[in-house]
Amino acid sequence: MAYKNYILVCAGTACESSKGVALYEALEKELKERGVEAEAQLVKTGCFGFCEQGPIVKILPDETFYVKVGPEHAKEIVSEHIVKGRKVEALLYDKGQAKTADEIEFYQKQQRIVLRNCGVINPEYIDEYIARDGYAALEKVLFEMTPDDVIDELKAAGLRGRGGAGFPTGLKWSFTKNAQSDQKYVVCNADEGDPGAYMDRSTAEGDPHSILEAMTIAGYTVGANQGFIYIRAEYPLAIERLENAIAQAREYGLLGNNILGTDFSFDIELRLGAGAFVCGEETALLASIEGKRGMPIPRPPFPAVKGLWGKPTVINNVETWANVPMIILKGSTWFSSIGTATSKGTKVFALTGKINNSGLIEVPMGTTLREIIYDIGGGIKGGKKFKAAQTGGPSGGVITEEFLDTPIDYESLQSIGSMMGSGGMIVMDEDDCMIDVTKFYLEFTVDESCGKCAPCRIGGRTNYNILDKISKGQGTMEDLEKLKDLAQAMRKASLCGLGQTAPNPVMSTMKYFADEYRAHIIDKKCPAGKCKDLLSYTIIEDKCVGCTACARVCPVSCISGEVKKPHEIDQSKCIKCGQCFGKCKFDAILKG
Amino acid sequence: MAKMTLEDLRKLREGKKAEMTQRDSSDKSARIIIGMGTCGIAAGAKEAFDAFLDELSSHNVTDTKIAQTGCMGLCFSEPTVEVEVPGMPRVIYGNVDDKVARRIVKEHIIGKALVSDHIFDKPAADIIK
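Along each chain, residues carry numbers from 1 onward, in the same order as the chain's sequence is written. Each chain takes a letter, starting from A, and each ligand takes a number, starting from 1, following the order in which they are written. Residues qualify for local features only when their pLDDT is at least 70, as the model is predicted, and side-chain atom pairs are given and counted only at 80 or more; totals for whole chains, interfaces and linings, by contrast, use all residues.

## Details of the overall build of chain B
Stage number 1. Helix and strand definitions here come from DSSP, where helices need a minimum of 4 consecutive H or I residues and strands a minimum of 2 consecutive E residues; each element is numbered from the N-terminal end. Within chain B one finds 5 helices and 4 strands.
Stage number 2. Starting at the N terminus and ending at the C terminus, chain B contains elements arranged as α-β-α-α-β-β-β-α-α.
Stage number 3. Considering chain B as a whole, with its 129 residues, one finds that 33% of them fall into the buried category.
Stage number 4. Note that contacts rest on C-beta atoms placed from the backbone: two residues are in contact if these are within 7 Å. Sequence-distant contacts, at least 24 apart, represent 68% of the contacts inside chain B between residues at least 6 apart. Labels follow a simple rule on C-beta atoms placed from the backbone: if 20 or more others lie within 10 Å of a residue's own, it is buried; if 12 or fewer, it is exposed; otherwise it is partly exposed.

## Points about the nonpolar core
Stage number 1. A:Val9, A:Leu27, A:Ile211, A:Ile217 and A:Ala389 are the most contacted members of the largest nonpolar core, which totals 172 residues.
Stage number 2. Once residues lying within four places of it in the same chain are set aside, the contact partners of A:Ile217 are A:Ala137, A:Leu138, A:Val141, A:Val150, A:Val324 and A:Ile328.
Stage number 3. Formed by 25 residues, the second largest nonpolar core is a distinct cluster that contains B:Ala43, B:Ala48, B:Val100 and B:Ala101. Think of a nonpolar core as buried Ala, Val, Leu, Ile, Met, Phe, Trp, Tyr and Cys residues chained together by C-beta atoms that fall within 7 Å.

## Focus on unusual backbone geometry
Stage number 1. Here A:Gly54 and A:Pro55 are connected by a cis peptide whose omega angle stands at -10°.
Stage number 2. Within the secondary structure, A:Pro55 is located in the loop between β2 (40-45) and β3 (57-60).
Stage number 3. Of note, A:Trp309 is a non-glycine position whose phi angle comes to about 45°, a positive value.
Stage number 4. Considering the arrangement of structural elements, one finds A:Trp309 in the loop between α11 (282-289) and β8 (313-317).
Stage number 5. Exposure remark for A:Trp309: the 11 C-beta atoms within 10 Å place this residue in the exposed category.
Stage number 6. In this structure, B:Asn60 is a non-glycine residue whose phi angle is positive, near 55°.
Stage number 7. Inspection of the secondary structure puts B:Asn60 in the loop between α3 (45-58) and β2 (64-69).

## Side note on the domain arrangement of chain A
Stage number 1. Splitting chain A by domain gives domain 1 (5-101), domain 2 (126-335), domain 3 (346-429), domain 4 (434-523) and domain 5 (536-591).
Stage number 2. These domain limits were set by an automatic method or by a database of domain assignments. If you average the C-alpha positions of domain 3 of chain A and of domain 5 of chain A, the two centres end up 38 Å apart.

## A short note on the confidence of the model for chain B
All names here are of chain B.
Stage number 1. Mean pLDDT over chain B stands at 79; residues scoring 70 or higher make up 86%.
Stage number 2. Per-residue confidence from the predictor is reported as pLDDT, a score between 0 and 100. Within chain B, the lowest mean pLDDT, 52, falls on helix α5 (residues 125-128), and the highest, 88, falls on helix α4 (residues 98-110).
Stage number 3. On the interface metric, ipTM, the complex scores 0.77, and its pTM is 0.85.

## Examining the sheet that holds strand β4 (residues 91-93) of chain B
Residue and element names in this part refer to chain B.
Stage number 1. Two strands qualify as a pair provided DSSP detects at least 2 bridges between them. Strands sit in the order β2-β1-β3-β4 across an open sheet of 4 strands; the sheet is mixed. Since the sheet does not close on itself, it has two edges, and those belong to β2 and β4, each with one partner. Across the sheet, the mean angle separating the axes of adjacent strands is 20° when strand polarity is ignored.
Stage number 2. In this structure, strand β1 (residues 30-35) lies alongside β2, joined through 6 bridges in parallel fashion. Bridge pairing in β2 links isoleucine 33 to alanine 67.
Stage number 3. Only the contacting stretch of a helix is used when fitting its axis, a line to C-alpha atoms as for every element, and angles between N-to-C directions run 0 to 180 degrees. In this fold α4 packs onto β1, β2, β3 (81-84) and β4, with an angle of close to 15° to the strand it touches most, β3.

## Considerations on the interface of chain A and chain B
Stage number 1. Between chain A and chain B, the residue contacts involve 25 residues of the former and 28 residues of the latter.
Stage number 2. Of the residues forming the side of chain A that touches chain B, the biggest block, 4 residues, is contributed by helix α4 (residues 126-131) of chain A.
Stage number 3. Polar here means any residue other than Ala, Val, Leu, Ile, Met, Phe, Trp, Tyr, Cys and Pro, which are nonpolar, and Asp, Glu, Lys and Arg, which are charged; Gly is therefore polar. Looking at the side of chain A that touches chain B residue by residue, the class counts come to 12 nonpolar, 3 polar and 10 charged.

Printed below as a string of C-alpha cells:
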C-alpha cells in the first residue's frame, strides 16, 4: 500500500545541530505509538537551505512547510497532521497563511540545479536518486556518447569551475583526455575551507550520488579508472553519506568493474584531509592524497597533464561535479540559456552574517546582490543599514551598496575587486568595522599559510601586523602605502592562490572604505565602535539620573556614584564590554 | 541486489519514479481532498483513502494529487471528499466508502463524469462561499 503522507525531515548538519536527530527519532516513535507508521513515510533528507528556520519539516503531498520544529512537536505533528489532516498552525512558516514551500519568498527567486535533490530525496537510499533520473546521465554517456561528445557538450554548455577561479570545465577535461598516459585519475575537491561556506558539505550530505555519477562520467570521458574524493575530516556526516553512497553504487554495479555490463570500469575512494585551508589548492590537495605534507607546487605543469602521482588528473570541486549529470541529461542548450553571457548556469551561495534568512541558496548567474539580500535573504537583521557583503571569503573582497544592482557573475565580481570564490557570502551591517573584518580574514590566511614561500609567509604576517596597529589607533598614512606595496608583491610572487589572493580583502576595503581607514589613523576613532582600543564609554552627566543600573551590570565594577546622582566610569579599569550601554534607559552613556 | 545491467537500471528507475510521483505535487492538475477529522475517520475515511491510492495507481493516474484535510463540518455525511478536476465544477461527495472511492476515480477522474448519486447537494454555506 502506498503511503498517504511523506514527512521529510532535514538531516543536514545545520539542522542536526539544532536537534534534528532527536526530532527524527521522536517522529518515528510517535508514528509507531499512534499506529500510523504504514500511512506516513518518514524520510531523512538533505538541506532545504533555509537553515535560519531549522530544523525544517516538510510534509508531502500537501507541501506543508514547518519551521523550527523540535522533538517536543513530534506528537502534535503526528496526531494533528498525519492522523487528522489538520495543519499545526503554530509551526507554519507564515502563520495563518499556510503557504506551500514553493510560495515562500525565500524560494521564489531560486533555481535549483545543483541542489535539485537536496530536501527532496533520502540521500542514504540510492533508489530515490535513481527515481529522480539518477544515473540516467551515466547511462546516456556510456551507451550513446563518445568521450568527445561529452567534452563538446560541456564546452557548449559553458560550465566553469565553481571552486573559485572559473576555469572552463570542458577544456580542463579535454587536456586530461588528450594527455597520453597508462593511468589517469579523477578527483573531487570537497575540501571546502572558506569561513562561512558550506554549500559543498550540504551537497555531499544531501545528494552524494550526483557527485559519484559525475565523476564516473569524467572517468569514462578522460579514460580514468580510479577516482578520489578529498574531503575534510571535519565533515563527518558528509563522509558517512558518501561512504554509504559508494557502497550502494558498488552493490548495484554502478561503480566497480564493467559498469552496466560495459567494458568500462571505475571506482571511487575517499581521502580524508585534516582541514587545512591550503589543501583546497589543487596541487596541495593532490600532495595530501599522495600522503605528503599538503603544500602547493608551481604550475605549470597543471594537474590536468601531470597530477596525482605524476599522472594526468581531472580535478573539480563538488558544485561543478553536481552540475554535470544535469547538463548531460538536459543538454547544453538548456544549461547555457541560464545565466549571463560569460557565466552560465546557477551558483550556490551560503548566505550568512547580518541577514534575516541565512541559509543555502541557489540562483541563476546574473542575479543581483539586491535580489539575494532583500528578496531571498529577507533584508538585514534588526532593520539596520546594509554596509557590504563579502564574497570569495579570505580571497575575495567586499561588495558595497553602490554595486547592489550589479548582476553577479565571475567577471563582474572581479571587475569590482572581489571574486566569486566558492560561494560564501557574508553580509555586514553598519555595526561592522571594515578594519576589524579585514583583520579577521588576514588572521585566517596567516594561520592557514603553509609557509613554503616567503611572500605569503612573511608578507601575510606583516600585513596583519600593520592592520593590527591601525585598529589600535597607532597607524600612520604611510602604512597604507606599505599595505599596497606588500599586496603587489604578494600577488605577483606567491606560489599559490592562497598567497596571491590574501591581500584582496585589504585592497578591497581600502578602496571602498578609505574614510574608515582615515578615521582610525587620523581621528583615532572606530566609526562602527568595534575596535576596542579606540573606543570609550562615558557617562553624560546631564542625562544620568543615578539609577545605578549600569553600575550593577558592570562586570569589573568600574562605574561608581551615589544613588540619584550622576555616575562615572573609571576608564583605566573599563574593559569596553558595552553592557552598561545596553542597560541604560536614559541614553546617558556615550559610545565613541 | 546483484550488479545491474542497463535494463535493470531502467526498470528500477521507472518503478521508483511511480512511487515518488506520489510525493510530488507539481504537474498535478486534479485534486482529491479527503476529510479526515475524527468523524471522517470513524466513518471510514481511511479505508476510502486507501481505496483512492490503490485505484489511482492501478490505473496509472499520475496527475492527481491526493491530500487529507480536517473536518469539513458535514459530519453527518462522512466520509466527505472534495474533488477538483480542471474544466469541471468542484464537487463534494458524501458517504464515500471504499466502493464509491473507486467509482470516483474511474468515473470522475478518468471518465470526466460526475458520480451523481453521491454528490452532496446541500453544501454548508462556508464551503460554497
